[in-house]
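Fold and contact review
The primary structure of each chain is shown beneath.
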Amino acid sequence: MRIGVIGCGYVGLVTGACLADVGHEVVCTDNDLTKIDALNRGEIPIYEAHLDEVVERNHRQGRLTFMGNMAEAVSAVEATFICVGTPPLEDGSADLSSIENVARLIATEARGPQLVIEKSTVPAQTGQRLKRALEIYNHSGINFRVASNPEFLRESTAVMDFLHPPRIVVGVEDETSEQQLRSLFDPILHQTFQCPVHEAKCPPTTPPTFIVTSINSAEIIKHASNSFLAMKICYANLLADLCDRLGADVEQVTQAMGLDPRIGPSFLSAGLGFGGFCLPKDVQAFIHLGEKAGIDFGLLRQVELINKKRIDRFLERAKEELWILKGKQVGMLGISFKPDTDDIRFAPSLELIKRLQGEGASVRAFDPQALQKAKALFPALEACGNEYQAAEGADALMIVTEWPQFKDLDWKRVRKSMARPLVLDGRNLLDPAQMRAWGFEYFCMGRPNPGSTPAGG
Ligand code: UDX
């Protein structure tokens with residue numbers, strides 16, 4: 001199938017590259033011409049596992065092209081995925097102006113019937129708006145059909161998530177669109193393609209469930225899923241605070257809870273809370289949508305609040321140990337919002353750096369991927385070449401992102417180089433008994449910390 005993808009950001013690029021990899025002819029376009037030029041030179045603007053090899057191979061073999069002329073890109077395709085940004089506005093609602101611009105472009109430039117698929121995360125009823133916009137700007141009588149195909153890609157595993165998803169959701173209004181999407185996703189639904197990743201690393205390939213819904217339902221599924229995940233994390237974080245107070249271990253509690261198939265083990269890791277460009281923005285947009293529909297989404301407002309308070313809790317703990325932050329040197333391990341990405345958008349580290357620096361502490365940080373981006377935001381941040389430099393001379397070392405490599409540091413060397421061997425582990429990455437045996441004052445989230453008196457005890 002000949003497919004257009006509008007928007008070469010994170011979602012668009014992964015979608016375009018993977019659809020080409022399973023055999024389609026894909027043309028990707030973007031209004032940022034520097035991005036298109038870079039992609040044509042073989043430069044990938046984001047750090048995402050396996051994406052470079054998938055883009056390179058399909059580009060070289062001619063199945064994936066990057067076109068600066070947007071009108072030409074959308075003119076002769078059978079289906080177009082809209083993957084443009086929908087950033088939050090001041091009031092928390094999503095800015096849908098790019099979606100409208102794209103609708104106008106497709107309506108005026110398409111030369112034949114087209115299925116227009118919204119993949120950007122949008123509030124419910126955007127599909128209806130999109131359909132209306134396509135009608136308004138269409139002066140040549142072309143038949144457009146609209147569908148929704150929400151993406152559930154996680155950063156750092158996006159390529160694998162696209163190729164081996166547990167489910168593919170399509171919101172449609174007619175049989176033709178459903179059939180077209182079935183055949184578009186056929187190689188993935190039947191797992192008949194050659195996986196670009198070495199087989200040993202390939203996740204078990206249970207064929208995905210194909211879920212056909214109305215467009216409104218599909219749009220809600222995306223926001224509902226992300227908000228639920230955010231809620232689950234917040235629940236684990238509340239439990240962590242309770243465990244801290246009562247001398248219990250949140251890891252033991254959540255592990256046992258997760259074995260109940262009704263609950264499941266994922267997204268129960270307590271720590272500094274959720275960040276990234278999706279969860280915070282989607283919770284906010286869902287609250288806004290609920291309120292507009294007259295539904296009290298106080299539950300999700302609590303989620304936002306609980307998440308915001310994670311940094312307060314962590315800093316309170318730091319101050320209990322350090323007393324005064326002014327003049328103290330803090331080492332920071334990890335800045336990206338989660339491991340295996342260079343993305344720092346809405347990362348808990350940002351608020352932490354801001355507040356530490358605001359109180360007069362100096363911050364020396366190391367992150368395997370995100371340092372440059374952080375340095376651009378915080379000129380006073382000392383960017384270190386490795387973990388040991390970040391720890392050297394520090395009054396405290398904070399673990400803010402759970403990069404696996406931090407586990408394997410020479411922790412005895414770290415201890416010797418610190419002014420005070422105080423480690424505040426915001427992600428429960430390390431083994432408390434081992435760290436204390438190595439001579440650290442070690443504190444984590446919701447696992448028994450020495451000196452934390454059980455309430456009433
Ligand atoms: C998320 C959704 O998972 C994905 O389906 C959607 O398409 C995009 O948004 P992503 O933003 O890549 O993906 O991050 P995710 O892996 O979901 O993690 C989000 C945040 O939650 C991270 O900051 C992570 O550190 C935090 N988190 C996650 C926890 O604090 N505890 C957990 O148990 C899991």
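Basis of the calculations
Within every chain, residues take consecutive numbers counted from 1 along the sequence as written. Local features in this predicted model are restricted to residues of pLDDT 70 or higher, and side-chain atom pairs are both shown and tallied only at a pLDDT of 80 or more, whereas totals for entire chains, interfaces and linings draw on every residue. The basis for every side-chain value is the complete set of non-hydrogen atoms in the structure, without hydrogens or water. Strand pairing is defined by DSSP finding a minimum of two bridges between the two strands. Each helix is a run of H or I in the DSSP string that is no shorter than four residues. Each strand is a run of E no shorter than two, and both are numbered from the N terminus. We call two residues contacting when some pair of their heavy atoms lies within 4.5 Å. In this description, a line fitted to the C-alpha atoms serves as the axis of each element, helices being fitted only across the stretch in contact, and the angle between N-to-C directions of two axes falls anywhere from 0 to 180 degrees. Here, nonpolar core means buried Ala, Val, Leu, Ile, Met, Phe, Trp, Tyr and Cys residues that are tied together by side-chain atoms lying within 4.5 Å of each other. Remark: exposure states derive from per-residue accessible area (1.4 Å probe, protein chains only) relative to the maximum for the residue type, with buried under 20%, exposed over 50%, and partly exposed in between. We call a residue near a given molecule or strand whenever any one of its heavy atoms falls within 4 Å of it. Pairs of N or O atoms within 3.5 Å make up the polar contacts considered here, provided that, within protein, one atom can donate a hydrogen while the other can accept it, and that residues adjacent in sequence are counted only when both atoms are side-chain atoms. With residues, only the protein chains shown are counted as cover, and all accessible areas are computed by Shrake-Rupley using a 1.4 Å probe. Gly is placed with the polar residues, together with every amino acid not listed as nonpolar (Ala, Val, Leu, Ile, Met, Phe, Trp, Tyr, Cys and Pro) or charged (Asp, Glu, Lys and Arg). Each domain's limits were defined by an automated method or a database of domain assignments. Here's the idea: put two parts together, see how much 1.4 Å probe accessible area each one loses, and the total over both is what we call buried area. Here a salt bridge means any side-chain nitrogen of Lys or Arg lying within 4 Å of a carboxyl oxygen belonging to Asp or Glu. Only the six-membered ring of Trp is used, alongside the rings of Phe and Tyr, when aromatic pairs are assigned; centres must lie within 6.5 Å, and planes under 30 degrees apart are stacked while those over 60 apart are edge-to-face, with the rest tilted. Consider the ring centre and the ring normal. A charge sits over the ring if Lys NZ or Arg CZ is within 6 Å of that centre and within 35 degrees of that normal.

Moving on, we come to the sheet that holds strand S9 (residues 329-333). Overall, parallel pairing links the six strands, which are arranged S11-S10-S9-S12-S13-S14 in an open sheet. Across the chains shown, the open sheet's two edge strands, defined by having one partner strand only, are strand S11 (382-383) and strand S14 (441-443). Judged from the five bridges that link them, S9 and strand S10 (residues 362-366) form a sheet pairing that is parallel. The residue bridging Leu333 from the neighbouring strand is Phe366, located in S10. Packing of helix H14 (residues 348-358) onto the sheet brings it into contact with S9, S10 and strand S12 (396-399), and relative to S9 it is tilted by some 175°.

What follows concerns the nonpolar core. Across soluble globular proteins, nonpolar side chains show a tendency to be buried alongside one another. If you look at the biggest cluster of nonpolar residues, it comprises 54 residues, and the most contacted ones within it are Leu333, Leu352, Leu356, Met398, Trp411 and Val414. Per-element accounting of this core gives the leading share, five residues, to helix H13 (residues 298-322). Once you skip the residues sitting within four places of it in the chain, Leu356 turns out to touch Leu315, Leu325, Val330, Met332, Ala361, Val363 and Met398.

Further remarks concern the site of the ligand. Around the ligand, the structure places 20 residues, and the nearest of them are Leu153, Glu155, Ser269, Gly275 and Lys338. Within the backbone of Leu153, an N or O atom sits 2.8 Å from an oxygen atom of the ligand. Between the ligand and the protein, one listed contact pairs an oxygen atom with a backbone N or O atom of Glu155 at 2.6 Å. Against a free-state accessible area of 670 Å², the protein chains account for coverage of 92% of the ligand. Take the shell around the ligand: its biggest share by element is four residues, from helix H10 (residues 215-246). Residues that form the shell around the ligand fall into these classes: ten nonpolar, four polar and six charged. When residues are assigned to domains, the shell around the ligand turns out to be shared by domain 1 (2-213) and domain 2 (232-443), each giving three or more.

This brings us to the domain arrangement of the protein. For the protein, the assigned domains are domain 1 (2-213) and domain 2 (232-443). The distance between the C-alpha centroids of domain 1 and domain 2 comes to 33 Å. On the side of domain 2, 16 residues touch domain 1, which itself brings twelve residues to the contact. Carbon and sulfur atoms supply 55% of the area buried between domain 1 and domain 2, which totals about 1300 Å² over both sides. The tally of links from domain 1 across to domain 2 stands at one salt bridge. Here Glu155 makes a salt bridge to Arg345, at a shortest N to O gap of 3.7 Å. The interface formed by domain 1 and domain 2 includes three residue pairs in polar contact (both at pLDDT 80 or more).

When we look at a pair of aromatic rings, we describe it by the centre distance and by the angle of the planes. Tallied over the full model, the rule gives four aromatic pairs. On the basis of an interplanar angle of 75° and a centroid distance of 6.5 Å, the ring pair of Phe81 and Phe185 is categorised as edge-to-face. Taken together, the residues span a long stretch of sequence, with Phe81 in strand S4 (residues 79-82) and Phe185 in the loop between helix H8 (175-184) and helix H9 (186-189) at a distance of 104 residues. In this structure Phe81 comes out as buried when scored by relative accessible area, which is 0%. The class for Phe185 is buried, based on a relative accessible area of 3%. A ring pair is formed by Phe277 and Phe346, whose centres lie 6.2 Å apart and whose planes are at 25°; its orientation type is stacked. Of the two residues, Phe277 is situated in the loop between helix H11 (250-258) and helix H12 (279-292) and Phe346 in the loop between S9 and H14; the sequence distance between them amounts to 69 residues. Between Arg167 and the ring centre of Phe152, over which it is positioned, the NZ or CZ distance is 3.7 Å.

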